[in-house]
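Residue strings, one per chain:
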Amino acid sequence: MRKALDKTQRGWWKQAVFYQIYPKSFQDTDGDGLGDLAGILQHLDYLETLGIDGIWLSPVFASPQADNGYDISDYCAIDPLFGSMEDMETLIREAKKRGISIIMDLVLNHSSDEHFWFREALKSRDNPYHDYYVWRDGDGITPPNDMRATFGGSAWTFVPHLGQYYFHQFAVKQPDLNWENESLRRELYRAIRFWVDKGVEGFRLDVIDQIAKEPDRKITANGPRLHEYLRELSREAFREEGLVTVGETWSANVPRAQVFSAPDGSEMSMVFQFEHICLDQKPGGEKWDVMPLELPKLKECFCRWQQGLHETGWNSLFFDNHDLPRIVSRWGDDGEYRELSAKMLATMLHGMQGTPYIYQGEELGMTNIRLPIEQYDDLEIKNLYRERVEQGYDPQDVMESIWKRGRDNARTPMQWSGDKNAGFTQGTPWLPVNPNYETINAQAALKDPDSVFYYYQKLISLRKTYPVFRDGDFRLLCPEDSRVFAYTRESGCRHMLVACNFTKESAAFSVPEACRDGRVLISNYPQGDMEQLRPYEAKILYWET
Ligand code: GLC
């Protein structure tokens, strides 16, 4: 049933569906409460059944784990927490046998402060590695400027014996790398080639739009030399046509994404843009400052991206990842309509042009969690709580924000079965398992032909069967309607219509005349009248002319 893609074909990833694994929370096999590479190996058959073509593996490199591996201390070593180099080689080989590519997650903007380079850099100003990082002289009282780090506090940390501050856009333990230094760039390319030689077929590039920072001008994203660096990176490190690259670019707008993902492949295959995912954030606020989603805004946003990158770039399609809350809890309904709304959201997204990314557990309709503050692990959550409570916010309000937006919502262990700890570990899980695992788990989903899992499986297989998913243009229907998200796709004589009710109430939808003879490719309800969409109903119609 599964159609493996021919990865020698140029642009194979346009037809692919990727699955993100957050290794720490996927499957533990040695009882330490943390997921490992052997655990991923155990579930390759599950992923093959789902039908995905590649795994985006969150970082498994050597790391002190200050930010769960996004703080790398050796780019060419596997962290013993996750296993050995041999485990990694086995995983690459076994995945490939099943038509699944491994895409590694490269953090090239910063390293860990425990990386050899940084330890050397700390030794003296004239150490050859000193210039691999970004330094400014200072007195330890007044930082070079007032830039803030993403995870709280100043973006500058003082090193008394050097009389200098180093720059870090993220945590203190994540010093920014200085891309102006050519030897540093060469070292990074060598590390990438090391993994390509091992059979890795692509990379996700963490906060890649921030590498060309210029702190003196307070520039973080989209620095003047960004495209120069990206082109060099692509030329030097991603030479093979078949490699897929996806950049994490929070700053991307349509024109920028057209350059990042230009069809000539000069920079990257595609980027993650986050505009849609920020639409329920209060203007001028931070991600913690939540407001209700207005559907017409979401539609306008997706429409602009779909039309903007059609034939001039390439979209990635996602709702969830390890930094975001679970979509079913966010824009669906994680109570009565959990399964219906999870399927509806998947339909809306997977009907579009681009490469879909499924985050582990999304295919089960896994939900957010509410924990007391002491039980969270994420440094971002902890820093936020401390800072906001110090600033006088009501602790209860801060918790509400964390429950809605905290990154640990997505990081709770994968729910494999109704057994102890959801079958994730025999030990004590590093982060609590969501108590709803007794009903929401992979074992139950695999037994239920109507599960969210099989719905995703079907969506993935449709994408491979009907070229209009890959090629079709995009036309938004009823842009002002606040309940129904509907659009058509068209490529030559092939057409499809996607219609989704985003609410708990039934919603009227006037089916365009041209679609009336379409046949249903997929729906989350048995037959029914399309003019009146039931709660969270979703349908895709297909026809040829
Ligand atoms: C990216 C990662 C996130 C990490 C940050 C710093 O946004 O997705 O998890 O904390 O970069 O590396």
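Just above sits the structure.
The rules we used
Residues numbered from 1 in each chain as written. Predicted model: local features only at pLDDT ≥ 70, side-chain atom pairs only at ≥ 80, totals over all residues. Heavy atoms only, no water. Helix = DSSP H or I, 4+ residues; strand = E, 2+ residues; numbered from the N terminus. Rg over C-alpha atoms; globule rule 2.2 N^0.38 Å. Contact = heavy atoms within 4.5 Å. Areas by Shrake-Rupley, 256 points an atom, 1.4 Å probe, with all protein chains shown as cover. Lys, Arg positive; Asp, Glu negative; His and termini not counted. Charge placed at Lys NZ, Arg CZ, Asp CG, Glu CD. Near = heavy atom within 4 Å. Polar contact = N/O pair within 3.5 Å; in protein donor to acceptor, adjacent residues only side chain to side chain. Nonpolar A, V, L, I, M, F, W, Y, C, P; charged D, E, K, R; others polar. Axes fitted to C-alpha atoms, helices over the stretch in contact; angles between N-to-C directions. Parallel < 35°, antiparallel > 145°, perpendicular 65-115°, else oblique. Left-handed = near helix turned anticlockwise from the far one by under 90°. Expected span 1.5 Å × (residues − 1). Buried < 20%, exposed > 50% of the residue type's maximum accessible area, 1.4 Å probe, protein only. Pairing = 2+ DSSP bridges. Core = buried A, V, L, I, M, F, W, Y, C linked by side-chain atoms within 4.5 Å.

Here we take up the overall build of the chain. Counting secondary structure elements, the chain contains 16 helices and 20 strands. A compact globule built from 545 residues would reach a C-alpha radius of gyration of about 24 Å, and the chain, at 23 Å, matches this within 12%. Considering only C-alpha atoms, the chain reaches an extent of 75 × 50 × 45 Å along its principal axes. Nonlocal contacts in the chain, meaning residues at least 24 apart in sequence, comprise 69% of its contacts between residues at least 6 apart. Carbon and sulfur atoms make up 48% of the accessible area of the chain, which amounts to about 20,500 Å² in all. The distance from the centre of the 62 positive side-chain charges to the centre of the 84 negative ones in the chain is 3 Å.

It is worth spelling out the site of the ligand at this point. Taken together, 14 residues surround the ligand, and among them Asp67, Asp206, Glu248, His322 and Asp323 come closest. One of the side-chain nitrogen or oxygen atoms of His110 is found 2.9 Å away from an oxygen atom of the ligand. In the model, an oxygen atom of the ligand is placed 2.5 Å from a nitrogen or oxygen of the Asp323 side chain. Considering the ligand on its own, with 310 Å² of exposed area, one finds that the protein chains cover 97% of that surface. Taken together, the residues of the shell around the ligand sort by class into 4 nonpolar, 3 polar and 7 charged.

Look at helix H11 (residues 379-390) against helix H12 (residues 395-405): their axes get within 10 Å of each other, and the N-to-C directions meet at 155°. When the axes of H11 and H12 are compared, the pair comes out roughly antiparallel. For H11 against H12, the interelement crossing comes out right-handed. Between H11, through Ile381, Leu384, Tyr385, Arg388 and Val389, and H12, the contact on the second element is made entirely by Pro395, Val398, Met399 and Ile402. Partitioning the contact of H11 with H12 into residue classes produces 8 nonpolar, no polar and 1 charged.

What follows deals with helix H6 (residues 226-237). With 12 residues, H6 extends 16 Å between its outermost C-alpha atoms, agreeing within 8% with the 16 Å of an ideal straight helix rising 1.5 Å per residue. Where H6 is concerned, the buried positions are Leu226, Tyr229, Leu230, Glu232, Leu233, Ser234 and Ala237.

Turning our eyes to something else, we now look at the pairing of strand S13 (residues 355-359). Summarising burial for S13: 5 of the 5 residues are buried, a large majority. Side-chain alternation along S13 places Thr355, Tyr357 and Tyr359 on one buried face and Pro356 and Ile358 on a second face that is also buried. Note that strand S1 (residues 18-21) and S13 share 3 bridges and pair parallel. Within S13, the residue paired with Gln20 across the bridge is Tyr359. One ladder, built from 2 bridges, connects strand S12 (residues 316-317) with S13; its direction is parallel. In the sheet register, Leu317 faces S13, and the bridge partner there is Pro356.

A word on the sheet that holds strand S20 (residues 538-544). Read across the sheet, 5 strands follow the order S14-S15-S16-S20-S18 without closing on themselves; strand pairing throughout is antiparallel. Because the sheet does not close on itself, it has two edges, and the strands there are strand S14 (473-477) and strand S18 (519-523). Recorded for the sheet is a direction-independent mean angle of 20° between the axes of neighbouring strands. Helix H8 (residues 295-309) contacts S14 and strand S15 (484-491) of the sheet and is inclined by roughly 160° relative to S14. Lying on the sheet, helix H10 (residues 338-350) is in contact with S15, strand S16 (494-501) and S20; it crosses S16 at an angle near 145°.

Quick look at H12 now. Looking at H12, one finds that the buried residues are Val398, Met399, Ser401, Ile402, Trp403 and Arg405. Of the surrounding elements, those touching the buried residues of H12 are helix H9 (327-330), H11 and helix H13 (408-411). With a side-chain oxygen positioned 2.9 Å from the backbone nitrogen of Gln396, the residue opening H12 is Asp394.

This brings us to the packing of helix H5 (residues 182-197) against H6. As a packed pair, H5 and H6 sit with axes 10 Å apart at the nearest point and diverge in direction by 40°. With respect to each other, H5 and H6 are oriented oblique. Seen from above, H5 lies across H6 with right-handed handedness. From H5, Arg185, Arg186, Tyr189, Ile192, Arg193 and Val196 reach across to H6, where they touch Tyr229, Glu232, Leu233, Glu236 and Ala237.

On to the nonpolar core, then. Core analysis: the biggest nonpolar cluster contains 147 residues, and Leu233 and Phe485 have the highest contact counts within it. Ignoring sequence-local partners within four residues, the contact set of Phe485 consists of Leu295, Leu298, Lys299, Phe302, Met348, Met352, Leu476, Val498, Ala499, Cys500 and Phe502. Counting 13 residues, the second-largest nonpolar core is a separate cluster that includes Leu497, Val511, Leu533 and Trp543.

Strands sit in the order S6-S8-S7 across an open sheet of 3 strands; the sheet is antiparallel. The open sheet has two edge strands with one neighbour each: strand S6 (135-137) and strand S7 (156-159). The mean angle between the axes of side-by-side strands here comes to 30°, regardless of whether they run parallel or antiparallel. Pairing geometry for S6 and strand S8 (residues 164-167), over 3 bridges, is antiparallel. Counted as the bridge partner of Asp137 is Gln164 from S8.

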